[in-house]
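Here is how the chains run, residue by residue.
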Amino acid sequence: MKFALVGYGKMGRQIAALALGRGHTVVSIDPVAVDSEFKEISATALNGVDACIDFSHPSQAVSNLTLAAELGCNVVMGTTAWYQNMDEVRKIVAKTQIGFIYATNFSIGVNLFYRIVEASAKLMDGFEEFDVAGFELHHRKKADSPSGTARTLSEILLANIQRKQTLLYGIADHPLEPQQLHFASARCGHIPGTHEVIFDSEADTISLKHTARNRQGFASGAITAAEWIVGKSGFFTINHLLEELISNKRK
Ligand SMILES: NC(=O)c1ccc[n+]([C@@H]2O[C@H](COP(=O)([O-])OP(=O)(O)OC[C@H]3O[C@@H](n4cnc5c(N)ncnc54)[C@H](O)[C@@H]3O)[C@@H](O)[C@H]2O)c1
């Protein structure tokens, strides 16, 4: 297959290397990267392309999707923090009938981690003596905070633990109310992404932690998503892909 890497930064380059290794061809589209083949999304750049894989910038996600969709190209959206425009994106996908898949985190390991956190939250819902919190660490150049993955983890915890009703991201500069869920962020060095959820009682702490060792997990998952979306039409999330992967493993 042929994929267009929209955004040829840290993720785009990692995806290019892995995709070539899997026998795909790639083109890069990036207005800034000096070695990108194209500077903008156009019919010429997308000639023969089966899917765009977008890892660019939160402010560019919707306009990139619009351009690709109008040219009839499927989109894998890895860029985060555009989610306030979800309704608009759904409309564009419905109108143009492309295949679209997004994930706050394309790592299959992280998506399995979501399932583990969900099952744990359901279990811990009944154990009120345990408080719950989360935190995430990323490299110091990350544009958004909290991470998309932290947002998804927070939503999972809120949906499954009744005693947690409201979310506090960032700094807790006051004593927390019992119903507040605190999910904190720190930025440091080159960390590709670490997420931890803890359940804490007077006697002990249970911690669930996912550590990305590098960007390979995100890149590999995004390529799997691109292979999967080709030939489909409509709006999908990584959960649709994950369900298929899990049921294939059970066969
Ligand atoms: N969903 C996931 O699994 C996952 C994993 C890692 C990173 N991300 C997200 O992916 C995005 C990119 O991450 P990164 O670490 O590669 O960033 P990066 O800064 O290394 O690279 C981004 C690149 O996008 C380019 N760019 C900016 N505007 C563009 C546009 N309109 N069209 C094409 N290219 C454009 C920039 O010039 C830059 O080269 C961020 O939103 C990040 O949070 C998502």
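Everything below is about the structure printed above this text.
Note that the coordinates shown come from a computational prediction; the quantities given were computed from them, not determined experimentally. (Residues numbered from 1 in each chain as written. Predicted model: local features only at pLDDT ≥ 70, side-chain atom pairs only at ≥ 80, totals over all residues. Heavy atoms only, no water.)

**Notes on the overall build of the protein**
Secondary structure assignment for the protein yields seven helices and 11 strands. Taking 251 residues into account, the globule formula puts the C-alpha radius of gyration at 18 Å, and the protein, at 19 Å, falls close to it. The dimensions of the protein, computed from C-alpha atoms along their principal axes, are 60 × 40 × 35 Å. Within the protein, contacts between residues separated by at least 24 positions form 64% of all contacts whose residues are at least 6 apart in sequence. Of the roughly 12500 Å² of accessible surface on the protein, a fraction of 53% belongs to carbon and sulfur atoms. The positive charge centre, built from 24 side chains, and the negative charge centre, built from 26, are 7 Å apart in the protein. (Helix = DSSP H or I, 4+ residues; strand = E, 2+ residues; numbered from the N terminus. Rg over C-alpha atoms; globule rule 2.2 N^0.38 Å. Contact = heavy atoms within 4.5 Å. Areas by Shrake-Rupley, 256 points an atom, 1.4 Å probe, with all protein chains shown as cover. Lys, Arg positive; Asp, Glu negative; His and termini not counted. Charge placed at Lys NZ, Arg CZ, Asp CG, Glu CD.)

**What to know about the site of the ligand**
Around the ligand, 25 residues are found, and the nearest of them are Lys10, Met11, Asp30, Thr80 and Phe106. Contacts to the ligand include glycine 7, whose backbone N or O atom sits 3.4 Å from a nitrogen atom. A distance of 2.7 Å is found between an oxygen atom of the ligand and a side-chain nitrogen or oxygen belonging to aspartate 30. Taken together, the residues of the shell around the ligand break down into 11 nonpolar, 10 polar and four charged. (Near = heavy atom within 4 Å. Polar contact = N/O pair within 3.5 Å; in protein donor to acceptor, adjacent residues only side chain to side chain. Nonpolar A, V, L, I, M, F, W, Y, C, P; charged D, E, K, R; others polar.)

**Details of the packing of helix 4 (residues 108–124) against helix 7 (residues 238–250)**
Interhelical geometry of helix 4 versus helix 7 gives an angle of 90 degrees and a closest axis separation of 11 Å. Taken together, the axes of helix 4 and helix 7 lie roughly perpendicular to each other. Note on element contacts: helix 7 touches helix 4 through Ile238, Asn239, Leu242, Glu243, Leu245 and Ile246, opposite Ile108, Asn111, Leu112 and Arg115. Each residue belonging to the contact of helix 4 with helix 7 can be placed in one class, and the counts come to six nonpolar, two polar and two charged. (Axes fitted to C-alpha atoms, helices over the stretch in contact; angles between N-to-C directions. Parallel < 35°, antiparallel > 145°, perpendicular 65-115°, else oblique.)

**Things to note about the sheet that holds strand 7 (residues 166–169)**
In spatial order, the strands read 7-8-6-9-10; together these five strands make up an open sheet with mixed pairing. What marks the edges here is a single partner per strand, and that holds for strand 7 and strand 10 (205–211). Within the sheet, the average angular offset between the axes of one strand and its neighbour, ignoring direction, is 15 degrees. As paired strands, strand 7 and strand 8 (residues 180–187) are joined by four bridges and run parallel to one another. Following the sheet pairing, threonine 166 is matched in strand 8 by glutamine 180. Most of the contacts of helix 4 go to strand 10, to which it runs at about 165 degrees, and overall it touches strand 9 (194–200) and strand 10. (Pairing = 2+ DSSP bridges.)

**Section: the pairing of strand 1 (residues 2–6)**
Looking along a regular strand, one sees side chains alternate from face to face of the sheet. Most of strand 1 sits out of view: four of its five residues are buried. In terms of strand pairing, strand 1 meets strand 2 (residues 25–29) through five bridges, oriented parallel. Residue pairing across strands places phenylalanine 3 opposite valine 26, the latter belonging to strand 2. Note that the unit made of strand 1, helix 1 (residues 10–21) and strand 2 has a crossover that is right-handed. Sheet topology places strand 1 next to strand 3 (residues 51–54); four bridges connect them, and they run parallel. Bridging from a neighbouring strand, valine 6 pairs with aspartate 54 of strand 3. (Buried < 20%, exposed > 50% of the residue type's maximum accessible area, 1.4 Å probe, protein only. Right-handed = clockwise from strand over helix to strand, strands pointing away.)

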